[in-house]
Amino acid sequence: MQAKRKKMLIGDLAVLLVALIWGATNVVIRDALGDITPFWFCALRFIIAWTAVMLIFGKRAMSMDLRAKAAGTFTGMVFICAYLAGAVGLLYTTAGNQSFIISMSVVFVPLSVWLFTRKFPGWHVAAAVVLCTAGMAGLVLDGDLSVNVGDLLSAGAMLFVTAYILLVQKFVTGSDPCGLACWQAFGGMILACAAALLFEPIPARLSGAAWAAVIYAGTIGFALTLVLQTAAQKYTASTHVAILLSTSGIFGSAIGVIFIGEPMTWRIFIASALILAGVMAVEAIPALKKRAPTRQ
């Protein structure tokens, strides 16, 4: 039992590291977008990411059947829409705002399941939706009740992330998740390159900082987190994973404030706290109910 708990602790720490990397990646991307256009950033990032995951899981990906390859490619195209909307959104909003808004997908996933299956997910989810909606309004609406286009694009990215999670849940059954991730990276790379070629000029040159950000986001920000999360989920519970990954918003906000001077006003702090409370309510309340002893 002691060995099992130790493995779970190691798994939880690995997932917490993934959350830290995700939060830091938003800051790195925002800081680099002054030297590269957002679509080309995504295109180069996914080229590197696809190369990295294929080096690790390529044999497993190529051995999958055609249906699984097509499903993974389509899922990756949905996921890259979140990246594209998020990358453009970071031109107009803070990394902390975006991290918290996108973390709302953990609330909208059960809400979407309810809409499609007509199975009520519970009052804790309804309360979480209210908290997160209030928090997002606090982040998105300025003092004159106008909408910041960056926060609006971040909300769009959150909806694409929600769709992505639902598609993975649908297609991952009976498939190799690591091989499926390779085809997701492939689909994302194809769509990102197409969007970059269609809507943005080919960059004549990139600064060293831009290349460093692209390489970081493609390898550490995608390939490494994939490996860490896949390995960690062998030893820890899915509830732990969801709760710990939701902290990426906290990391993104803190890193943005510390390293690139992003503002932290009381409005942003309170709105972010409401969103985090909603995210935690979705995952923590069911876990506490399961752990509560039943009365005879």
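In the block above lies the structure referred to throughout.
Bear in mind that the values here come from a model prediction, so they are computed numbers and not experimental data.

**A word on the overall build of the protein**
- Looking only at helices and strands, one finds twelve helices and zero strands in the protein.
- Along its sequence from the N terminus, the protein presents helices and strands in the succession α-α-α-α-α-α-α-α-α-α-α-α.
- With 296 residues in all, the protein has 50% of them scored as buried.
- A separation threshold of at least 6 residues defines the contact pool for the protein, and within that pool the share at least 24 residues apart is 89%.

**What about the packing of helix α2 (residues 38-62) against helix α8 (residues 177-199)?**
- At a minimum axis separation of 8 Å, α2 and α8 run at an interaxial angle of 155°. Compared by their axis directions, α2 and α8 come out roughly antiparallel. Taken as a pair, α2 and α8 cross one another with a handedness that is left-handed.
- Its residues placed into classes, the contact of α2 with α8 shows 24 nonpolar, two polar and one charged.

**Here we look at the environment of L16**
- By secondary structure assignment, the location of L16 is in helix α1 (residues 2-32).
- Classification of L16 by relative accessible area gives partly exposed; the value is 28%.
- Sequence spacing of L16 and Q229 is 213 residues, and the spatial spacing of their C-alpha atoms is 9.5 Å.

**Some thoughts on the packing of aromatic side chains**
- Enumeration according to the criterion identifies four aromatic pairs in this entry.
- Taking the centre distance of 6.1 Å and the plane angle of 75° together, the rings of F39 and F199 count as edge-to-face. Taken together, the residues F39 in helix α2 and F199 in helix α8 connect sequence positions 160 residues apart.
- With 4.0 Å between their ring centres and 15° between their planes, F79 and Y164 make a pair best called stacked. Placement of the pair is F79 in helix α3 (residues 66-89) and Y164 in helix α7 (residues 149-171), with a sequence separation of 85 residues. Each member of the pair, F79 together with Y164, is buried.

**Re the packing of α3 against α8**
- Where α3 meets α8, the axes come as close as 6 Å, and the angle between the chain directions of the two elements is 50°. Taken as axis vectors, α3 and α8 run oblique relative to one another. When you trace α3 past α8, the crossing you get is right-handed. Residues A68, K69, G72, T73, T75, G76, M77, I80, C81 and L84 of α3 form the contact with α8, whose own contacting residues are L180, W183, Q184, F186, G187, G188, I190, L191, A192 and A195.
- Its residues assigned to classes, the contact of α3 with α8 shows twelve nonpolar, seven polar and one charged.

**Focus on the pattern of salt bridges**
- Evaluation of the coordinates by the stated rule reveals one salt bridge.
- For the salt bridge of R60 with D176, the shortest nitrogen-to-oxygen distance reads 2.8 Å. Of this pair, R60 sits in helix α2 while D176 sits in the loop between α7 and α8, and the two are 116 residues apart along the sequence.

**A few points about a nonpolar patch on the surface**
- On the surface, L91, Y92 and V149 cluster together to form a nonpolar patch covering roughly 270 Å² of accessible area.
- According to the relative accessible area criterion, V149 is partly exposed, its value standing at 41%.

**Details of the nonpolar core**
- Counting residues in each nonpolar core, the largest one holds 49 residues, and the members touching the most others are I36, C42, V53, I80, Y83 and F222.
- Of all the secondary-structure elements, those providing two or more residues to this core are α2, α3, α7, α8 and α9 (208-232).
- When neighbours within four sequence positions are excluded, V53 is seen to be in contact with G58, C182, A185, F222, A223 and L226.
- Counting eleven residues, the second largest nonpolar core, distinct from the first, contains V125, A128, M158 and I275.

**With respect to the side chain of T162**
- Within the secondary structure, T162 sits in helix α7.
- Overall, T162 belongs to the buried group, its relative accessible area being 4%.
- The contact partners of T162, leaving out residues within four places of it in the chain, are S105, F108, V109 and S112.

**Quick word on the side chain of T75**
- By the secondary structure assignment, T75 is in helix α3.
- Contacts of T75, omitting those with residues within four sequence positions, involve Y164, L167, V168, F171 and Q184.

**Re α2**
- For α2, which comprises 25 residues, the first-to-last C-alpha distance of 30 Å sits more than 12% below the rise-based estimate of 36 Å (1.5 Å per residue).
- Bending of α2 peaks at approximately 75° at the position of I56.

**Regarding the environment of A87**
- As for its position among the elements, A87 is in helix α3.
- Exposure remark for A87: the relative accessible area of 5% places this residue in the buried category.

Procedures and definitions
Residues numbered from 1 in each chain as written. Predicted model: local features only at pLDDT ≥ 70, side-chain atom pairs only at ≥ 80, totals over all residues. Heavy atoms only, no water. Helix = DSSP H or I, 4+ residues; strand = E, 2+ residues; numbered from the N terminus. Buried < 20%, exposed > 50% of the residue type's maximum accessible area, 1.4 Å probe, protein only. Contact = heavy atoms within 4.5 Å. Axes fitted to C-alpha atoms, helices over the stretch in contact; angles between N-to-C directions. Parallel < 35°, antiparallel > 145°, perpendicular 65-115°, else oblique. Left-handed = near helix turned anticlockwise from the far one by under 90°. Nonpolar A, V, L, I, M, F, W, Y, C, P; charged D, E, K, R; others polar. Phe/Tyr/Trp six-rings, centres within 6.5 Å; stacked < 30°, edge-to-face > 60°. Salt bridge = Lys/Arg side-chain N within 4 Å of Asp/Glu carboxyl O. Patch = residues over 30% accessible without salt bridge, like charges linked within 9 Å, V, L, I, M, F, W, Y side chains within 5 Å. Areas by Shrake-Rupley, 256 points an atom, 1.4 Å probe, with all protein chains shown as cover. Core = buried A, V, L, I, M, F, W, Y, C linked by side-chain atoms within 4.5 Å. Expected span 1.5 Å × (residues − 1). Bend = angle between axes of the 7 residues up to and from the residue.

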